[in-house]
Structure formats: structure tokens, C-alpha cells
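An overview of the molecular structure
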Amino acid sequence: MTTFNLRNVKLRPGEQFRDAVEVELEPLEVGGQRYVPVPERPEAVLTLSQTSSGLVLELELQTRIHGPCMRCLADASFDVDVRSREYQATSPGESDELTTPYIADSKLDLSAWAHDAVALALPDKILCREACAGLCPVCGKDLNREPHEHEGEASDPRWAALSELKDRL
Ligand SMILES: [Zn+2]
Ligand SMILES: [Zn+2]
């Protein structure tokens with residue numbers, strides 16, 4: 001877990017701090033599958049800007065995510081470009097909106113922040129290619145490698161039951 005101690009940076013209103021930090025990034029879970037960032041410790045740019053009322057925190061990072069295609073389970077990978085912004089008021093009072101969940105005891109949890117920001121940047125469908133044909137619902141073969149149809153069989157409920165059984169085995 002990568003944290004950043006905010007006590008080490010003393011800023012006056014109007015001042016800015018900017019530094020490159022290696023952030024440890026945990027694999028992401030989507031739909032029961034694991035998606036692994038490469039590199040696992042991407043270099044992020046952290047910018048802290050002090051205003052008269054609080055601290056603006058910005059995080060920028062690029063990484064490549066590797067994991068199974070959601071249709072055919074072949075390897076898929078894609079780049080994510082993350083820019084995230086948080087705000088921590090100096091005197092937040094009662095309002096949660098004026099504080100970031102990633103700061104506790106002046107420690108900024110960069111790993112948790114980066115993880116959530118990358119998760120938000122993931123596409124809805126993670127595919128090996130845009131036109132991935134997926135797996136055959138009848139026999140389970142990869143339709144990208146072996147395009148085929150089962151005449152009549154697909155509509156036969158016995159085959160559907162059999163293929164369901166196969167999926168469970
Ligand atoms: Zn695919
Ligand atoms: Zn088939």
C-alpha cells in the first residue's frame with residue numbers, strides 16, 4: 001500500500017506541490033474476474049494545491065490492464081488514463097462532501113485512491129477485440145477461431161440443458 005504523508009508538505013494558500021510517486025496498484029475484480037495492472041506500480045503525478053479553504057488533490061496516472069475478455073475469456077488488455085481530483089477542506093465541519101475518504105491522520109492513501117479511479121475508468125465491456133464473437137452457446141467453442149452454427153440444435157431444449165450442464169462441470 002502506498003501512502004503519502006501530508007505532514008511533510010507545508011503549503012500556504014496559493015502554493016502548489018507536485019511530485020511523481022510510484023503507486024502500488026492492486027488487481028481489480030470485475031464480474032468475478034481478475035484484471036491486473038502492468039506495471040503493478042505505475043508512476044503517478046500527485047499535485048497538491050492549497051487554497052484559503054482547503055487542499056485540492058489531483059492524481060494522474062497511466063497503466064495497462066490485462067485480463068480475460070468478457071465474451072471469450074482470451075487475453076485482453078487496454079490502456080487506462082486516469083485523472084482524479086479530491087478536496088479536503090481545512091475545517092470541514094459536518095459535511096462529508098468537503099473531505100476525501102482517502103485521507104486519515106494526514107496520510108493520503110494513494111493505493112486506494114488510484115484503485116478506485118482506475119476502476120471508474122474501466123470500460124463497461126472488456127473485450128479482446130471490439131467485434132469479439134464470443135463462445136458458442138451450444139458447444140462452448142471459441143467462435144473467433146472456429147466460426148460455426150448448429151443447425152436446429154440451438155433451439156432444441158435438450159441441447160441447451162446439456163450445454164448448461166457442461167458450463168457447470
Ligand atoms: Zn474475446
Ligand atoms: Zn458450437
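For the structure itself, look to the data block above.
Residue positions within a chain follow its written sequence, with the count starting from 1. To read the labels, note that chains go from A and ligands from 1, taken in the order they are written. The model is predicted, so local features are restricted to residues of pLDDT at least 70 and side-chain atom pairs to those at 80 or more, both for listing and for counting; the totals for chains, interfaces and linings are taken over all residues. Side-chain numbers come from the whole structure's heavy atoms, not from hydrogens or water.

Considering the environment of Phe4
Along the chain, the position of Phe4 falls in strand S1 (residues 3–5). Its relative accessible area of 12% is what places Phe4 among the buried residues. Placed 42 residues apart in sequence, Phe4 and Leu46 show a C-alpha to C-alpha distance of 9.7 Å. The contact criterion used is simple: two residues touch if any of their non-hydrogen atoms lie within 4.5 Å. Residue contacts for Phe4: discarding those within four places in its chain leaves Val9, Phe17, Leu46, Leu48, Ser106, Lys107, Leu108 and Leu110. Under the DSSP-based scheme used, a helix requires at least four consecutive residues in state H or I and a strand at least two consecutive residues in state E, with every element numbered from the N terminus. With a 1.4 Å probe rolled over the protein chains alone, any residue whose accessible area is under 20% of its type maximum counts as buried; one over 50% counts as exposed, and the rest are partly exposed.

Describing the coordination of the zinc ion (ligand 2)
Ideal coordination angles are 109.5 degrees for a metal with four donors arranged tetrahedrally and 90 or 180 degrees for a metal with six donors arranged octahedrally. Only Cys136 (SG), Cys139 (SG), His148 (NE2) and His150 (NE2) from the protein coordinate the zinc ion (ligand 2), and they sit 1.9 to 2.2 Å from it. For Cys139, a relative accessible area of 24% puts it in the partly exposed group. Its relative accessible area of 21% is what places His150 among the partly exposed residues. A donor here means any N, O or S atom no more than 2.8 Å from the metal (3.2 Å for Na, K and Ca); water is not included, so a site may seem to lack partners.

Concerning the side chain of Ser49
Relative to the helices and strands, Ser49 is located in strand S5 (residues 43–50). Since its relative accessible area comes to 13%, Ser49 is described here as buried. Of note is the side chain of Ser49, whose polar atom sits 3.0 Å from the side chain of Gln16. If sequence neighbours within four positions are ignored, Ser49 has contacts with Glu15, Gln16, Gly54, Leu55, Val56 and Glu58. By the criterion applied in these results, polar contacts are pairs of N or O atoms within 3.5 Å in which, for protein atoms, one can donate a hydrogen and the other can accept it, and in which residues neighboring in sequence qualify only through two side-chain atoms.

Topic: the pairing of strand S6 (residues 54–68)
Whether two strands pair depends on DSSP finding at least two bridges between them. Note that strand S4 (residues 33–38) and S6 share three bridges and pair antiparallel. Across the sheet, the residue bridging to Val38 is Arg64, located in S6. The hairpin turn running from S5 into S6, its antiparallel successor, is three residues long. Hairpin connection from S6 to strand S7 (residues 75–89): six residues lie between these consecutive antiparallel strands, with Leu73 at a positive phi of about 70°.

Here's the deal with the coordination of the zinc ion (ligand 1)
Of the protein atoms, only Cys69 (SG), Cys72 (SG), Cys128 (SG) and Cys132 (SG) coordinate the zinc ion (ligand 1), at distances of 2.3 Å. Any coordination sphere not matching a tetrahedral pattern (four donors, all angles between 85 and 135 degrees) or a square planar or octahedral pattern (four or six donors, opposite donors over 155 degrees apart, other angles between 65 and 115) is reported as irregular. Coordination at the zinc ion (ligand 1) is tetrahedral, judged from the four donor atoms that bind it and the angles of 107 to 113° they form at the metal. Considered as a linear motif, the donors of the zinc ion (ligand 1) on their single chain read C-x2-C-x55-C-x3-C. Placement of Cys69 in the loop between S6 and S7 and of Cys128 in the loop between helix H1 (110–121) and helix H2 (157–168) is noted, with a sequence separation of 59 residues between them. With relative accessibility at 1%, the residue Cys69 sits in the buried group.

In short, geometric facts, not functional conclusions.
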